Amino acid sequence: MADSITLTVNSRLARWLLFDHSRQQVRENKVWEKPPIYAMDDGLRQVWLQSWPDQYVLTELQSRHLWQKIIREDSATPDLNLLHVQGAASHAFKAYQLIRQYRLPEDPAGFNHYTEETQTFRRWMTRYQKQLQEWQALDPSELLDGVSQRMEQGHIPLPEEIIFHGFDEITPQHNDWLNFLKNRAVKIHFKPFEPAPVASENLQELIFKKQAAVQKYEDVREEVVQCARWIRTVYKEGQTIGVVVPEMEVYRGILEREFKAELAPESVYPWVDKAIPFNISMGTPLSHEPMVHLALLLLAQRDKRIPLLTFSTVITSPFIKSPPDETQFRRDLEWNLRGGNTTHIFLATVLKPNQKEQCPTLDAILNQLMDWVDDTSFRLPSEWARGISVFLKEVGWPTGHGTLSSHQFQTLDSWNKCLDSLSSLDRILQKINRHQAVSHLTHITGETLFQPQTHEEPIQVVGLLESAGMEFDHLWIMGCHAESLPPIPDPNPFLPFLSHQQPYPLPHSTADRELLFTEQVLFRLAHACDHLVFSYPAWQGESERVASPLLPPRLAEHNTLQSDSSSRLLDHPGFAVQLERVEDYFPIPVSVEEKEFIQGGYSLLKNQAECPFRAFAVHRLTSQQKEFAELDMDDAVRGSLIHKILELFWKEVQTSERLHDLHESGKLLKKIGQSVREGMQLFAFDTHRQRAFLELEQGRLTTLIHEWMECERERSPFRVSDMESEKILQLDGLSLKLKVDRIDRTPDGKTILIDYKTGAVQNIKKWFGERIEDPQLPLYSLEVPADAVTFASIRKGDTRFRGLSREENLVPKVSSHLSKENPTLETWNDLLAFWKRGLEDLAGEFLQGRLNVAPLDVNDTCKYCNQVTFCRKTELFTATHGEEE
C-alpha cells in the first residue's frame with residue numbers, strides 16, 4: 001500500500017481531484033504519476049481482494065436480490081400491507097446498512113415491541129444473516145469491518161497516512177475504524193475540514209460575509225437560463241465554476257438542454273462535433289439509451305405476434321444488421337404497413353416467399369427472433385447472459401451496418417457489465433425462464449445510471465451530496481426553496497423509530513436531523529468558493545415556491561443577475577444584412593403527361609379550396625404522412641365498417657316498404673344484427689384476442705344502426721338504386737374518382753344523393769362560399785343529377801339528415817330554402833350552376849399550378865394538416881402573432 005492515500009466520499013470527487021491534480025501539473029510543465037486517489041468503497045474493495053480473504057463481499061445488486069428472494073419466500077409477507085417486493089427489498093437493504101453503519105442494536109425485543117413491519121424485517125434479517133453465514137459472504141455494509149479486521153490480523157498493510165476528502169459526516173462504524181488507525185499510528189487528515197455540527201448563526205454569518213446573492217426567477221427554465229448566462233459572464237481561463245442542484249432529477253433535462261443552447265450553441269447541429277464545456281452528474285438510466293432500448297425491445301417479445309411499431313423499429317434500426325441492398329425494401333415494407341388498421345404482425349407470415357428470397361438477411365433475423373421467443377427452457381442467469389449475447393450478435397446488434405461512436409462504445413461496455421451483473425445472480429435466482437431473465441436484465445439496466453466518460457470540464461453541475469469536497473472559484477446553488485432545503489424527512493419503515501431512528505439519529509429520520517445535515521453541507525459549500533449565488537423559482541409547475549429558511553433574511557432577493565443576452569442559435573439567425581421581402585410564388589401548371597399520374601377524388605378539390613399548397617403537396621408531390629394504428633378499430637375503421645354494414649343491409653332490404661315490414665314483424669333488429677355480424681367478419685379483426693370487446697362492439701353497432709333506421713322510417717317511399725358506386729368525373733380536363741355512398745329513387749322519379757357521416761357533420765354553409773370548402777356532395781351532383789343532396793349523420797344521440805333539396809318533404813328536415821344560405825340562389829338549377837362554376841374554378845386553379853401557401857383559416861385549416869413542416873406557415877403565424885406579414 002502507498003505511504004499516503006486519499007479516500008473520497010464518492011467516485012465523482014475522486015475523478016475531480018485527479019483532474020485538478022493533472023491541471024496543476026500541466027501548469028508547472030511536470031511529468032507525473034497518477035496519485036493514489038480512490039473512492040472509499042472502491043479502495044476498500046480493492047485492498048480486501050488483494051488480501052485473499054476467505055469470505056467474499058456481495059455486490060449491492062446481489063444483496064438486493066437476496067432480500068427479494070427472502071421476502072418472496074416468507075409465507076407471512078402477504079398478510080402485510082407492504083410495497084411491491086422490489087420496493088420492500090430496497091427498504092430492507094437500506095435498513096440493514098444503517099444497522100451496520102450506526103451500530104444499532106439487533107436485539108429482537110427492540111423490533112418486536114413496535115409495528116408489524118419492524119417485526120417482519122427482524123424475521124427477514126435473521127434469514128438474511130443465516131444465508132450470508134452459509135455462503136461465507138459479507139453484506140456490502142460489512143466490508144469496512146472486514147477490512148479493519150484484516151488489517152488487525154496483518155493481512156492488509158497499513159499506510160502511513162490517509163486523507164479523507166469530502167466527508168460531511170462520520171458514521172459510528174467509520175469512527176471505529178478511524179480509532180483503530182490512530183491507535184496504529186496512522187496519520188489521519190480530513191479535507192476540507194473534519195465533519196462537525198454547524199450552528200445556524202455561523203452558517204448565516206458565513207453566507208453573509210461571502211456577499212452571496214439570492215435570486216428569484218419566474219420558473220425553473222428561467223432560473224437555468226439565467227445561470228447559464230451568468231456562467232458566460234464570470235468564466236475565465238483556469239477558473240472552475242460549480243452549479244449545485246439539490247433536486248437534480250427535476251432539473252437535469254432542462255439543465256442539459258439550456259446549457260447546451262447557451263454555452264455550446266453549435267452543438268445543436270448533428271454534424272458539428274462540438275465539445276460540451278460542462279459535466280452534469282447523475283446520468284440517465286442505461287435502458288433509455290436507444291441502443292439498449294432496442295436490445296431490450298427484442299428480448300422482451302413474448303411470442304411470434306409482435307406490435308407493428310416494434311417491427312418497424314427493428315427493421316429500420318441502425319443497430320440491426322441491414323445490408324445496403326435490403327435498405328429500400330425495408331423502407332417500402334415499413335411504409336406499406338402504415339396507415340391501415342393493423343396493430344400487430346406475425347413474424348412467420350409478414351414476409352411472402354418471394355420477399356424472403358429478396359431479403360435474406362431480414363428473413364434470417366426474423367427466424368432468429370422466432371427461435372428466441374420459442375425458447376421455454378429454464379437456465380441459470382449466467383447461461384441466459386451468454387444466450388442473450390449470442391442472440392444479439394446473430395441479429396447484428398449493436399453495430400448494424402456501421403461503426404460505433406465513442407458514446408456507443410461506452411454504452412456497449414455498460415451493457416456488458418449489466419450482463420455480468422445478471423450472471424452474478426446464479427446462486428440467488430437459480431434456474432429461471434427467459435421472461436424472468438429479461439425482466440431482471442431490464443431492471444438492472446433501469447437501475448444503472450449511464451454517463452459517458454468525458455474529460456473533466458471546469459464547469460461542473462452536481463447534486464448536493466455529490467458536491468462533497470469540491471472547491472470552485474464561482475458557485476451557483478439553484479432550487480433553494482423551502483421544499484428542498486432542508487428536505488422532507490423520509491424515515492425507514494423497517495426500523496423502530498423511538499428506539500433506533502430518533503436517538504442515534506439516522507439519516508432522513510427526523511426534521512431536526514435533515515436540518516443539521518443540510519446546514520453542515522451548506523457551510524461546507526460556502527467555504528468551498530469565492531463567489532456564491534443562491535436561486536430558486538417562484539413557481540415549480542403549478543406550485544408556488546418561497547426561499548429556503550436557511551438563507552439569511554438580510555440577503556436581498558432582487559434579480560441583480562438578469563441577462564437578456566442570449567447565445568442560442570434560435571436568437572441569432574446568423575446573418576447581419578438587411579433583409580428584403582421577396583414574393584416567392586411561381587405557378588407550375590400541370591403538364592399533359594402529369595395528368596395521367598394525378599390521383600384523387602373530392603379531396604383534391606377540398607385541399608385546393610382550403611389551401612392550394614396542400615393540394616400541390618399531396619396530389620402532385622404525393623407527400624403523405626401515414627401513422628401506425630394505435631387501435632385496430634379506431635374512428636376511421638368504425639366509419640368504414642358502418643358503411644359496409646349499411647351496404648349489406650340495403651342490398652337485401654332495398655326499399656322503404658320492406659323496411660317497414662321488418663319493423664312491423666319485429667324482425668328489424670335481428671336483420672340489423674345479421675348485417676353487423678357479416679360486416680365485422682369482412683374486417684381483419686383479431687377475434688381470438690378481442691372476443692369480449694368485439695361482442696360489445698357488435699351490440700353497440702346494432703343499437704346505433706337500429707337508431708338510424710328510425711330516421712329512415714320517417715321518410716316517404718324510396719328505393720335504394722345504387723351503393724358505393726365508383727364513378728369518374730371529368731372536370732375542366734381533370735379526372736376525379738368519386739365514390740357515392742348511396743343513391744335513392746322515389747316513386748315519382750326523384751333522385752337523392754346520400755353520404756354517410758359517422759363523425760362530425762360538415763356545416764352546409766361550406767357549400768356556399770367563394771371557395772367550396774366541402775365539395776363532396778356538390779361534385780356527386782355534377783355526375784348524378786339529383787333532386788336532393790344530404791349527409792346522413794349516424795352518431796349516438798345525433799341521427800339525422802342534413803342537406804338541401806329541390807322541394808320540401810323530399811327528405812325529413814332537409815330544407816329547400818336556398819336563399820337562406822345564399823340570397824342570389826332562387827332555384828335548384830341556380831344552385832347546381834353555382835356549384836359547377838365553383839368546382840370548375842378550383843379544378844382550373846389546380847391545373848394552372850396555383851400552389852401558394854394560403855390557408856382559408858390558419859386556426860382551422862392548419863390545425864390538423866400534416867404538411868405543416870413542409871409549408872412552415874404555422875411558424876410564420878407564430879412569429880407574426882397570427883397575422884399575415
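Everything quoted here is computed from the prediction, not taken from an experiment.

A. Spotlight on the overall build of the protein. When helices and strands are counted, the protein shows 34 helices and 23 strands. Sequence separation of at least 24 residues holds for 76% of the intrachain contacts in the protein that already meet a minimum separation of 6. Accessible surface for the protein amounts to roughly 44,800 Å². Of this, 50% is attributable to carbon and sulfur atoms. Considering the protein, the positive charge centre built from 97 side chains and the negative charge centre built from 126 side chains are found 4 Å apart.

B. Representation of the sheet that holds strand β22 (residues 788–795) within the structure. What the five strands build is an open sheet, ordered β19-β20-β21-β22-β23; its pairing is mixed. Only two strands of the sheet have a single neighbouring strand rather than two, namely β19 (719–731) and β23 (798–805). When strand polarity is set aside, the average angle formed by the axes of neighbouring strands in this sheet is 35°. Sheet strands in contact with helix α29 (residues 691–713) are β20 (734–745), β22 and β23, and its direction is about 40° off that of β23.

C. Local environment of the packing of aromatic side chains. Tallied over the entire structure, the rule returns 25 aromatic pairs. Ring centres 5.8 Å apart and planes at 5° place the aromatic pair Phe 121 and Phe 494 in the stacked group. Pair noted here: Phe 121 is in helix α6 (residues 116–135) and Phe 494 is in the loop between β15 (474–477) and α21 (497–501), with a separation of 373 residues, a long-range link. According to the relative accessible area criterion, Phe 494 is buried, its value standing at 2%. Members of the aromatic cluster, each reached through a chain of ring pairs, are Trp 67, Tyr 96, Phe 121, Trp 124, Tyr 128 and Phe 494. One Lys or Arg, Arg 379, reaches over the ring of Trp 384 and ends 4.3 Å from the middle of that ring. In this structure, Arg 715 packs its charged tip against the face of Phe 718, placed 3.8 Å from the ring centre.

D. Here's a closer look at the pattern of salt bridges. According to the stated counting rule, one finds 43 salt bridges in the structure shown. With its nearest N and O atoms 2.8 Å apart, the salt bridge here joins Arg 338 to Glu 334. For Arg 338, a relative accessible area of 21% gives the class partly exposed. Since its relative accessible area comes to 10%, Glu 334 is described here as buried. Residues Glu 610 and Lys 606 are paired through a salt bridge, measuring 3.1 Å at the closest nitrogen-oxygen approach. Linking Glu 610 with Lys 606, this pair stays in helix α24 (residues 602–610), spanning four residues, or about one helical turn. The pair Glu 610 / Lys 606 is uniform in exposure class, with both members buried. Look at the salt bridges and you will find they share partners, linking Glu 712, Arg 715, Arg 742 and Asp 744 into a network.

E. Molecular detail of the environment of Thr 448. Secondary-structure assignment places Thr 448 in the loop between α20 (434–447) and β13 (449–450). Along the primary structure Thr 448 and Gly 43 are separated by 405 residues, whereas in three dimensions their C-alpha atoms are 21 Å apart. Ignoring sequence-local partners within four residues, the contact set of Thr 448 consists of Thr 284, Pro 285, Leu 286 and Cys 418. Within the local environment of Thr 448, its side chain forms a polar contact with the backbone oxygen of Ile 444, the two atoms lying 2.7 Å apart.

F. Up close: the environment of Ala 275. Looking at the secondary structure, you find Ala 275 in the loop between α11 (248–263) and β9 (278–280). You can call Ala 275 exposed: its relative accessible area is 58%.

G. Seen up close, the confidence of the model for the protein. Mean pLDDT over the protein: 88, with 94% of residues reaching 70 or higher. Long-range and interchain partners of residues 879–885, a stretch whose pLDDT sits below 50, account for eight contacts in this model, where long-range means more than four residues apart.

H. Focus on the sheet that holds strand β1 (residues 4–8). Taken together, the four strands give an open sheet; going across it, the order is β2-β1-β5-β6, and neighbouring strands pair in parallel fashion. The sheet is open, and its two edges are formed by β2 (37–39) and β6 (187–191), each paired on a single side. Mean inter-strand twist for the sheet, computed between neighbouring axes without regard to direction, equals 25°. Packing against the sheet, helix α8 (residues 172–183) makes contact with β1, β5 (161–165) and β6, and its axis sits at approximately 155° to β5.

I. Spotlight on the side chain of Glu 514. Structurally, Glu 514 can be placed in helix α22 (residues 511–527). Of the side chains with opposite charge, Arg 513 comes closest to the buried, unpaired Glu 514, at an N-O distance of 4.5 Å. Once residues within four sequence positions are removed from consideration, Glu 514 is found in contact with Pro 486, Pro 487, Ile 488, Pro 489, Pro 507 and His 508.

J. Structural detail: the pairing of β20. Here 11 bridges tie β19 to β20, and the two strands are oriented antiparallel to one another. Bridge pairing in β20 links Ser 725 to Val 740. Taking the residues that link successive antiparallel strands as the turn, the β19-β20 hairpin has two residues, and the phi of Asp 732 there is positive, at about 55°. In the sheet, β20 pairs with strand β21 (residues 751–757) via four bridges, with the strands oriented antiparallel. The partner of Arg 745 across the bridge, within β21, is Thr 751. In this antiparallel pair of consecutive strands, β20 and β21, the connection spans five residues, and Gly 749 shows a positive phi of 90°.

K. Looking closely at the pairing of strand β16 (residues 531–537). Summarising burial for β16: six of the seven residues are buried, a large majority. For strand β7 (residues 213–217) and β16, the ladder comprises five bridges, and the chain directions are parallel. What sits directly across from Gln 215, in β16, is Ser 535. Pairing analysis gives four bridges linking β15 to β16, with the strands arranged parallel. Bridge pairing in β16 places Leu 475 opposite Leu 532.

L. Inspection of the environment of His 481 at higher detail. Checked against the element boundaries, His 481 lands in the loop between β15 and α21. Accessibility expressed as a relative area gives 0% for His 481, which makes it buried. What His 481 contacts, discounting residues up to four positions off in sequence, is Glu 247, Tyr 536, Pro 537, Gln 540, Arg 545, Val 546, Ala 547 and Ser 548. Side-chain polar atoms of His 481 contact the side chain of Glu 247, separated by 2.9 Å.

What counts, and at which threshold
- Residues numbered from 1 in each chain as written.
- Predicted model: local features only at pLDDT ≥ 70, side-chain atom pairs only at ≥ 80, totals over all residues.
- Heavy atoms only, no water.
- Helix = DSSP H or I, 4+ residues; strand = E, 2+ residues; numbered from the N terminus.
- Contact = heavy atoms within 4.5 Å.
- Areas by Shrake-Rupley, 256 points an atom, 1.4 Å probe, with all protein chains shown as cover.
- Lys, Arg positive; Asp, Glu negative; His and termini not counted.
- Charge placed at Lys NZ, Arg CZ, Asp CG, Glu CD.
- Pairing = 2+ DSSP bridges.
- Axes fitted to C-alpha atoms, helices over the stretch in contact; angles between N-to-C directions.
- Phe/Tyr/Trp six-rings, centres within 6.5 Å; stacked < 30°, edge-to-face > 60°.
- Buried < 20%, exposed > 50% of the residue type's maximum accessible area, 1.4 Å probe, protein only.
- Lys NZ or Arg CZ within 6 Å of the ring centre and 35° of its normal.
- Salt bridge = Lys/Arg side-chain N within 4 Å of Asp/Glu carboxyl O.
- Polar contact = N/O pair within 3.5 Å; in protein donor to acceptor, adjacent residues only side chain to side chain.
- pLDDT = per-residue confidence, 0-100.

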